[in-house]
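# Inside the fold
Next come the chains, spelled out residue by residue.
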Amino acid sequence: MATGRGRVLRRYSRGGARAAPPGAAPPCLAPGPRNRSRSFTATPVEFSETENAEVKSQYWTPSIKQKPNVCIERMPSEVLLKIFSYLDAVSLLCAGCVNKRFYDLANDNGIWLKIYSSRFPPKRTIWKINSVETETVSLGCAAVQDRKPGYWKKEYISKQIAAVKTRVMQLLKPVDPHTGLPCKNREAIRASGLSWVIILKDRNGKEHIMEQADLSFKDASVTISWYSTSWPCLNVLSTLELCGVTPLLPDQSRAAGNSGPRRRSLIAEYSLSNVTETSVAIGADKLVQLFGLNPGLLLGLWKETNEIAFVMASLHYHQLLERSTLGSATVQYVLSPNKPVLDDVDPEYGLHDYNLHLDIHSGSHTCMCGTFKSLFCRKVDIQNGYLRLTVVNIKDNAKHLPIIGTVGLSWKTDVFKGNVKDCYLMDVTVLDETRKPFWCFSAPVCMELSSKTSGLYDYMGHIYTTEYADSEGKVSVDLVWLEETKEYYVVNLVLYISTKKVNNWYGTNY
């Protein structure tokens, strides 16, 4: 450092020494003996602009080395292919979404053939008496070069989807004789990687996607909850879409996530404009108030701010996997119509041998679960376009049913949790005479205090009613509150099924 400073000072003191003739002594240095301390007297001399710039560039300006601008997109294709060869299938699909060049490189048959062979290894040769069965995949150059780019990518995706679909269909084969629904719906949902999201759209078209937070499985339905601390303002929202999402490459070896490419299927769409005025008020507690949107959606709003606290959906198992996977992002899956089987022998065809499976729960706690068989309706009981199926008769005390536990709908958010009394989720599954699902729904309902008093001698207490209606039918439930035992009893339960629904199903003309 000292040598460098001395060199700079000497250059500064000499000034115009470069222009002096050779051999001449510098004008600013006095002749004499050498100073042992290496100090000298410097006389400031003005620099020319050229010399000043030269000195500053060499001594006064710090040298800064610019880092090379390395960008992965500028790498050679051979290097990128080597990097892509270490990625799994999901990561490789994501990399192909970056740009056109990455898409072409991510379709490389050599990489996808390696992934295909590791996931579906060639089967060994099986020798039989009459024939030889073999199934192999050639790893040679012909399998790569003779195919169009992306061939083995499509083969891998199609075979992976087919393998998962086969697994799901095997799980859906066993049927519960009481509900008429598959026994292993929970396992089938997990095997397919299915989950549900809600998409909140504002008036400007902006989308807010909320991933599911909790799941609760019951005999006939699944309850999904969404809660967050970053909900958009309710006043700017126009619609809510409920969609099922499945991974493009479902992998049973790892848990389903939302990082890879996914397929979306629209299940239902709800309007949020003036939701507090157009929706049915289900109930409230100290913190939230509940509003029901048909079909099967429950919206919880904070009382103080009238903003979204949570969203809950109750989905019936009947064709749930089809509705959650076979639709598109904008069009719902249309259920295949039932082909009626005509019967000219039975004069009351379509009026008898119905079965009902009823499940009343709070989302986590089951209050009542029962199956009622051999329900029927006489022709004289067909009134106002409905078949009347009496499940529990108010005059038959032996069939009156108790409600176990406290009737209420449990809810929670990231911070709070609570229970709204006199509200519950009702799952109704009606089977026809061939034990096929005929009318199915799952919906939030509430109990309301009735003005009429109990005329039963065995039950002295207040009467509560629950009513539900949709385009296919209605449900009416009467409950009596017993103050002594602190429990509800179902004393009357009637189903009203639309004659239009019956005629379309059986081909009749009631």
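First, a word on what this report is: a plain description of the structure on this page. Everything quoted here is computed from the prediction, not taken from an experiment. (Residues numbered from 1 in each chain as written. Predicted model: local features only at pLDDT ≥ 70, side-chain atom pairs only at ≥ 80, totals over all residues. Heavy atoms only, no water.)

On to the sheet that holds strand β13 (residues 354-361). A sheet is described by the order of its strands in space; here four strands give the open sequence β14-β13-β19-β20, paired in antiparallel fashion. For this open sheet the edge positions go to β14 (366-375) and β20 (437-446), each flanked by a neighbour on one side alone. Adjacent strand axes in the sheet meet at a mean angle of 10 degrees, parallel and antiparallel pairs treated alike. Two elements, β13 and strand β19 (residues 423-431), share seven bridges in a ladder whose sense is antiparallel. If you follow Asn355 over to β19, its bridge partner there is Leu431. Lying on the sheet, helix α12 (residues 499-506) is in contact with β13 and β20; it crosses β20 at an angle near 155 degrees. (Pairing = 2+ DSSP bridges. Helix = DSSP H or I, 4+ residues; strand = E, 2+ residues; numbered from the N terminus. Axes fitted to C-alpha atoms, helices over the stretch in contact; angles between N-to-C directions. Contact = heavy atoms within 4.5 Å.)

Turning next to helix α8 (residues 151-171). Between its first and last C-alpha, α8 extends 31 Å over 21 residues, near the 30 Å set by a 1.5 Å rise per residue. Those residues of α8 that sit buried are Trp152, Lys153, Tyr156, Ile157, Gln160, Val164, Val168 and Leu171. Buried positions in α8, seen along its axis, are confined to an arc of 140 degrees and lie on one side of it. Residues of α8 that are exposed and point over 90 degrees away from its buried face: Lys154 and Lys165. (Expected span 1.5 Å × (residues − 1). Buried < 20%, exposed > 50% of the residue type's maximum accessible area, 1.4 Å probe, protein only. Arc of directions from axis to C-beta.)

On to the sheet that holds strand β5 (residues 214-217), then. Ordered in space as β5-β6-β12-β11-β10-β9, the six strands form an open sheet in which the pairing is antiparallel. Edge positions in the sheet fall to β5 and β9 (280-284), since each of these pairs with one other strand and no more. Sheet twist, expressed as the mean angle between neighbouring strand axes with direction ignored, is 20 degrees. In this sheet, strand β11 (residues 297-302) lies alongside strand β10 (residues 288-293) in antiparallel orientation, the contact comprising six bridges. Bridged to Gln289 within β11 is Leu301.

Secondary-structure assignment places Val98 in the loop between α4 (89-95) and α5 (100-106). The spatial distance from the C-alpha of Val98 to the C-alpha of Glu73 is 9.9 Å, given a sequence separation of 25 residues.

Once that is clear, we can look at the pairing of strand β24 (residues 487-498). Among the 12 residues that make up β24, 10 are buried, leaving the element largely enclosed by the rest of the structure. Bridge count for strand β15 (residues 386-392) against β24 is six bridges, and the pairing is antiparallel. By the bridge assignment, Val392 is partnered in β24 with Leu493. One ladder, built from 10 bridges, connects strand β23 (residues 473-482) with β24; its direction is antiparallel. Residue pairing across strands places Leu479 opposite Val490, the latter belonging to β24. Linking two consecutive strands that pair antiparallel, namely β23 and β24, is a turn of four residues; a positive phi of about 55 degrees is found at Lys486 within it.

Our focus in this paragraph is the packing of helix α6 (residues 109-119) against α8. Here α6 crosses α8 at 25 degrees, and the two axes come no closer than 7 Å. Taken together, the axes of α6 and α8 are roughly parallel relative to one another. Between α6 and α8 lies a crossing of left-handed hand. Listed contacts from α8 to Asn109, Trp112, Leu113, Ile115, Tyr116 and Arg119 of α6 are Tyr151, Trp152, Lys153, Glu155, Tyr156, Lys159 and Gln160. Residues that form the contact of α6 with α8 fall into these classes: seven nonpolar, two polar and four charged. (Parallel < 35°, antiparallel > 145°, perpendicular 65-115°, else oblique. Left-handed = near helix turned anticlockwise from the far one by under 90°. Nonpolar A, V, L, I, M, F, W, Y, C, P; charged D, E, K, R; others polar.)

Turning our eyes to something else, we now look at the side chain of Asp202. Of note, Asp202 is situated in strand β3 (residues 195-202). Although Asp202 lies buried, it forms no salt bridge, and the closest oppositely charged side chain, Lys206, sits 5.9 Å away as judged by the N-O distance. Looking at Asp202, its side chain comes within polar contact range of the main-chain nitrogen of Gly205, at 3.0 Å. (Lys, Arg positive; Asp, Glu negative; His and termini not counted. Salt bridge = Lys/Arg side-chain N within 4 Å of Asp/Glu carboxyl O. Polar contact = N/O pair within 3.5 Å; in protein donor to acceptor, adjacent residues only side chain to side chain.)

This structure, assessed with the given rule, holds zero disulfides. Lacking any disulfide linkage, Cys94 is separated from the closest cysteine sulfur, that of Cys97, by 6.3 Å. (Disulfide = S-S within 2.5 Å.)

It is worth spelling out the environment of Glu207 at this point. When you line up the elements, Glu207 lands in strand β4 (residues 207-211). Put simply, Glu207 and Pro232 are 25 residues apart on the chain and 10.0 Å apart in space, counted from C-alpha to C-alpha. Residues in contact with Glu207, not counting those within four places in the same chain, are Ile199, Leu200, Lys201 and Arg264.

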